[in-house]
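Listed below, chain by chain, are the residues.
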Amino acid sequence: MQITISEFGASGKKVTLVGKLDIRGAEVIDLPLATVAGARQSIVVDMTAVDFIASIGIRHLVLAAKAVARGDGRLVLLNPTTLVTEVLVTSGLDQLLPIVRSEDEAVAALRR
Amino acid sequence: MSRKLPDRPPALTPSSTMPQEAQREAPAILSIMLDSVAQGTAMFGQDLRLIGWNGRLQLLLDLPAGALSEALTFKDFVGILVERGSSGTQSARAETAIRQLTTALEQPYVTERMLSDGRVIECRRHPLPDGGLMLLLSDVSEQRHAEYLVKDSERQVRTILDRAPVALAVIAQDDGLLKHVNARFRRLFGLDKSISPESIDLTKYLSDEDLQKITGVQIGETSSDFESMVHRSDGSEFWALVSPVRFVFEWAPAILTGFYDISDRRRAELELRDELHRKQAELKEARTLQMELTPPPLRGSIGQRSFAVDIAIEPAKEVGGDLVDYLTVGDTLLVLALGDVSHKGAGAALFMARTYSLIRGIAARPDAAALFRDPTGAAALINAALCNNNTTGMFVTLLIATFDTESGKLAYVRAGHLPPLLRRRTGEIERLAVLGGPPLGLVDTATHKSASVDLAPGDQVLIVTDGITEAADASGVQFGESRVREFLATARPDEQTPLARLLETVRRFEAGQPASDDIAALLFAVIA
């Protein structure tokens, strides 16, 4: 699992994840994601290159979403794969972790 | 130049039994022989004056021409000899040398003298039978230098041993006796300085087996280190890493043995091992307790309705976060629950136990039938309780299904859990896919909705955790829902423990790969 953090728009952050978001992947993203979320800026998590997500990975995303929400921000997932989307939708988490399919859509989602 | 010995000395006069011609040539032959020997020779008469010497003598003492003459007394010669010495004639040592060489002349005497050029000359004084003396001088420099080098080398070895930052002992190969120990060895073994190495009996400190390991070490052996308990004479003990290597000490085969005090490390290891055993025992107990939360498979009936519930649960670690339960509520309801906490191990196990207690607690309430008849009521209470003070973000996906034995209706709420599979008696398999809401413990404001389905005798409902669908083979291919469906297609309501067959299929699929997640499944079959 690799995590890259960059600016997104005027006041947001883009977190790009690459690899498996399993137990090991979750350990890798734990601190950096929590740090970004702690700043309470809106976050776009680019999930394009995440080919697997385990419940522990979902937990970190949910914690980040909750932290961002406390500062009136939002966290959206950009373009997750079919498999990851299915897990999120099946788990009923797509409300808490909204899925967008493009950066434009992400910008619009974060404005809401 | 030199006065040749054979010219006069009676002892060197040719024998009277020799032929005339030989007698004539004997002095010359003896002269050649004496000049050819490696020793310098000088002979003094009864009056202790020099009567003869060979050329080698002059060479040895590096004497100038004319230094030796027949008028020279033995004492004068000794003066010359001592003068050639490195300390000259003025030192106390020189005076001692002169005194020793010139007294008790009737006795043989041997001494050595180092010349100023570093050569060492051995001087042997022999009294002659008829009075007089003979001196034999030999250059023993090479021999003495070699001996000196050996002694110096041994001294250096001892210095190195004594200064080494580790306890060292030199043990003789033949008899196992100690030849040398350094100060660190004495300190480590609690031995006084006055005790000589030879008197230290290693059998009192080390076991026979360990001593044999030391004395049995072979030349070039690289893995001869071992750990040993050493018993001091005062009754105390310590752990040592013993490191023996073959060695030559004072020209004899020996074993240089290092003793590293590893008591602290051993103590830490033992404490760690004890701690590990304690934790393992605790986890084993926790596993037993957790497994006891899971009820056994059931074949029973409520009213006119008979049914079977088969259960399987296997934590990936000692304890796990999967939950399987069933219970009766009121006179007509059978509640089935299967959950999966969002992690593994002890934390997940506690969260699982918390969820289990909440379900059981709700079942004990007077309004339990209402809360489970439409299981959204129970789900809302569980969610609220799990969200309370949940800073870790841990959550549980939970499927609560309530079978009304009177109506035959199965009402279920799917809180983020995998959809159950319903196999109709006719063989059709369908997903109970209606989503009730997110997992429990995540969003305190979440509301869940339920759905229901009518069941008939012969119908079976299978609920699994993702530990089954996501079990992977060596190449990473997952077991998947399709294989779960294949199993369900073959399950029969009258089968005793069909889920054991499912678990066996999963394990076979994993082909020895370690289980990466907890596994749980519940199969409910309406029999009549």
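Residues numbered from 1 in each chain as written. Chains lettered and ligands numbered in written order. Predicted model: local features only at pLDDT ≥ 70, side-chain atom pairs only at ≥ 80, totals over all residues.

1. Things to note about the overall build of chain A
Check the secondary structure of chain A and you find 4 helices and 5 strands. Relative to its full complement of 112 residues, chain A shows a buried share of 46%. The contacts of chain A with a sequence gap of at least 6 include a subset with a gap of at least 24, amounting to 71%. (Helix = DSSP H or I, 4+ residues; strand = E, 2+ residues; numbered from the N terminus. Buried ≥ 20, exposed ≤ 12 C-beta atoms within 10 Å, placed from the backbone. Contact = placed C-beta atoms within 7 Å.)

2. Side note on helix 8 (residues 263-293) of chain B
Compared with an ideal rise of 1.5 Å per residue, which puts 31 residues at 45 Å, helix 8 of chain B spans 45 Å between its outermost C-alpha atoms and is within 8% of the ideal. Buried residues are scarce in helix 8 of chain B, accounting for 1 of its 31 residues. (Expected span 1.5 Å × (residues − 1).)

3. A look at the interface of chain A and chain B
Contacts between the two partners involve 12 residues from chain A, matched on the other side by 16 residues from chain B. Residue contributions to the side of chain A that touches chain B peak at 6 residues, all from helix 2 (residues 55-70) of chain A. Grouping the amino acids of the side of chain A that touches chain B by side-chain chemistry returns 6 nonpolar, 5 polar and 1 charged. (Nonpolar A, V, L, I, M, F, W, Y, C, P; charged D, E, K, R; others polar.)

4. Focus on the sheet that holds strand 3 (residues 42-53) of chain A
Residue and element names in this part refer to chain A. In spatial order, the strands read 1-2-3-4-5; together these 5 strands make up an open sheet with mixed pairing. A single partner strand is all that each edge strand has here, and the edge strands are strand 1 (2-8) and strand 5 (99-100). In terms of strand pairing, strand 4 (residues 75-78) meets strand 5 through 2 bridges, oriented parallel. Bridge assignment links Leu-77 to a residue of strand 5, and that residue is Ile-99. Packing of helix 2 onto the sheet brings it into contact with strand 2 (12-21), strand 3 and strand 4, and relative to strand 3 it is tilted by some 175 degrees. Lying over the sheet, helix 4 (residues 103-111) contacts strand 2, strand 3, strand 4 and strand 5, oriented at roughly 165 degrees with respect to strand 4. (Pairing = 2+ DSSP bridges. Axes fitted to C-alpha atoms, helices over the stretch in contact; angles between N-to-C directions.)

5. As for the environment of Tyr-260 of chain B
Inspection of the secondary structure assignment puts Tyr-260 of chain B in strand 10 (residues 252-261). Through-space distance from the C-alpha of Tyr-260 of chain B to that of Phe-238 of chain B is 10.0 Å; in sequence the pair is 22 residues apart.

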